[in-house]
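Coordinates in review
As a plain string of letters, each chain reads:
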Amino acid sequence: MTSPAALIGLLVMLVATVAVGVFARRFARTTSDFLVAARAVRPAANAAAISGEYLSAASFLGIAGLVMKFGYDVLWYPVGYAAGYLVLLVFIAGPLRRFGAYTIPDFAEGRFNSPGFRRLAVGLVIVVGLFYTLPQMKAAGITVASAAGVPYAAGVAVTAVVVVTIVVAGGMRGVTLVQAMQFAVKLFAITVPVFVLLLHFGTPGGLFAAVARHEAAAPPRPVVVHAAVGDEWQVTQAVSVHLDRPAAVRVLAGTGPQAVYVGAPQAPSPSGAGAAVTLGTDDTLPVGRVHWDQAADVRLAAGAPVPYGAQTPPSATSSWLAPFGPLAGGSGQPLLFTYSLLVAILCGTMGLPHILVRFYTNPDARAARRTAWLVLALVGLFYVWTPLYGVIGRLQAPELYTGNLTDSVVLLLPRQVGPRLVGDLLAAITAAGAFAAFAATLSGLLISLAGALGHDIYGRWLRPGAGGPARSRAFRASALMAGLAAALLGLLVENFDISVLVGWAFAIAASSFFPLLVLGIWWYGLTTAGATTGTAVGGIAATLAIVTTMLAAASPGLTAVLIRHPALAVVLAQPAIVTIPLAFAVMVGVSLARPGPPAGVAAKLVQLHIPDRLGLRRDYIPE
Amino acid sequence: MLTDRHVPGGELRELEEQTPVGAIFLDALMHRQLALSLRVAAILVAVLGAQPLLAWLWPAYGAIRVFSIPLPWLVLGVASYPLMIAIGLYYVRHAETIDDEFSELLEP
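Right, let's talk about the overall build of chain B for a bit. Helix and strand content of chain B: three helices and two strands. Reading the secondary structure of chain B in the N-to-C direction produces α-α-β-β-α. Intrachain contacts of chain B at a sequence separation of at least 6 include 49% that bridge at least 24 residues.

Following this line, the structure appears as structure tokens:
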């Protein structure tokens, strides 16, 4: 797995990132500087920085991997990520910039005069932020691991150290520069290799035609796959294999439970179950679940249908290509699943803690709108290309299905391009792009989390009178703490799909902050009690649903219940379609039951909506 | 005798001081902007939301190929982006127009 070229790509990107971060340190002086770069960032650079921050590991690695795993249905993720900006643009970009708060907690307190509500919002920011760091950490782990040949945990640890260092050294102004640069790196790193891959493997039309020719995914050349002790392969067609040594296996009937689609790792088969077989060096893998009790290097012939790893549902090409394939179709409730996923991503974007804070770096509402539109265009330009990696992966590297390695397809596919030098160069480029992806998003998240911890918990509750230097120190300490927490949690999610983890962060944000922002900006009648209750109910309901799904991975009993009730399983795994309307209903219901908008609501709405050129605008929080 | 409201810039003061007249102006502005936002959001939801329904009601949709590429992939994975960029541009233009018209009405 080690690739010196990819390692060099990683190191170059690391040095560049640290260099720009350190260079920018000279400009970072006060807390304001750290938080919003003193609002001096130009719109074009700002749009590039927002895109750079937004295009996370889920965009760079996760979408390609999930497309390879599940096919067409996954296109809803990138389209939703882009469409989320359109929703943000039309409902909140302009008004929220006029209001002039730094973060969602600022908005919650400023709009409703309620420090208690602020506390709730800070808590939810931390929940969403930590959920969103999980997939970035997973991406960091697999990228560093596949480049340097070190364990997953080492990859997570290295990344955490680097990113915390950058954040502590440069704050946000450094990050603006770093992230604008990283957008360019990511766009370059996804498009250049894809063009070379297309030149090498054929046009998109030719690729799809080649994929469609075989109903089972099969490698175009012989491949060797390592089976470790405890691995479980799902074999859909008996296939001849060559082993480097005889190996004991157990064979269980059928393929794994469908629960895989929710992204939770599947529980292993009960030990001792299944018929014990010893496979000779030239033998046939029987249909069913093959549980390896001894390790072996397994050689598959060209054109032999690949076995699927335990976390990868077997996919026939015809269903992989069509709507409602293994992802939505596998859920048992395809329409419900698709719509709930779409709604979560559309409405969740604006609730991500590291996204809104950047919009305040625009000088006025007009610039904020134009920035949001420009971001939509920039990320769209990126998302058109990523799914092609998944298509080429199914055609050229189906052995990744066997090792549950589809999340790494962007990193591993370029190595198959010959001549060797070209393949190495491309591998270095995608590794650098992946580093840019998780480093940019992680630093943005750490700043938001450190802002919430340092600005709110330290600056407002613990030491309200603390001066500038003390606050800067608190911000740095908070960044360190958040980085540590993210790294520890990151160690737990090696077996979860990157994009699925991201979908969960979106669902929680969509169920709490989206209704709060939309009603808070557009409705006179929203009361403090209504806003608080609705935000809490939506956020908590979505979090509980997702935690239940994660726990199902460890509980065969719960998994069995979910398989019997697919609609319930879908709603728990993708709760947004229920929890968003629930949050809206609670907000409206509570507000109507006990009317009485917060004091000064008219002044707040004037600040939100009256055009800047009339000169009424005052930043709500003057700091 | 001119009333306060007819003094150039008077409406602006009404807004700033949140008088009932100011509230009417604010209401009108918010109403126009919200109507635009909801219209654009409805277009987005219709464009995206129609696709799963189409595939559900007409399974043959998934089998259509254009130059060997399945049509649903082209529609969702490629055409969506220029379409959303165009919808966004439409929104930005109209939202700025509403703001400008409102400003011109009130500016001294």
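What follows deals with unusual backbone geometry. Notably, Asn113(A) is not glycine yet its phi reads approximately 50 degrees, a positive angle. Its place among the elements puts Asn113(A) in the loop between α6 (104-112) and α7 (115-148). The backbone of Phe67(B) shows a phi angle near 50 degrees, a positive value even though the residue is not glycine. Along the chain, the position of Phe67(B) falls in the loop between β1 (65-66) and β2 (69-70). The exposed category is assigned to Phe67(B), around which 11 C-beta atoms lie within 10 Å.

All names here are of chain A. In space, the four strands of this open sheet follow the order β1-β8-β3-β6, with antiparallel pairing throughout. Edge positions in the sheet fall to β1 (223-227) and β6 (282-285), since each of these pairs with one other strand and no more. For this sheet, the mean inter-axis angle between neighbouring strands, taken without regard to orientation, is 40 degrees. The pairing of strand β3 (residues 239-243) with β6 spans four bridges and is classified as antiparallel. By the bridge assignment, His242 is partnered in β6 with Asp282.

Moving on, we come to the pairing of strand β4 (residues 247-252) of chain A. Residues and elements named next belong to chain A. Sheet topology places β4 next to strand β5 (residues 275-279); five bridges connect them, and they run antiparallel. If you follow Val251 over to β5, its bridge partner there is Ala275. With four bridges connecting them, β4 and strand β7 (residues 288-292) associate as antiparallel partners. Counted as the bridge partner of Arg250 is His291 from β7.

Rules used in this analysis
- Residues numbered from 1 in each chain as written.
- Chains lettered and ligands numbered in written order.
- Predicted model: local features only at pLDDT ≥ 70, side-chain atom pairs only at ≥ 80, totals over all residues.
- Helix = DSSP H or I, 4+ residues; strand = E, 2+ residues; numbered from the N terminus.
- Contact = placed C-beta atoms within 7 Å.
- Buried ≥ 20, exposed ≤ 12 C-beta atoms within 10 Å, placed from the backbone.
- Pairing = 2+ DSSP bridges.
- Axes fitted to C-alpha atoms, helices over the stretch in contact; angles between N-to-C directions.

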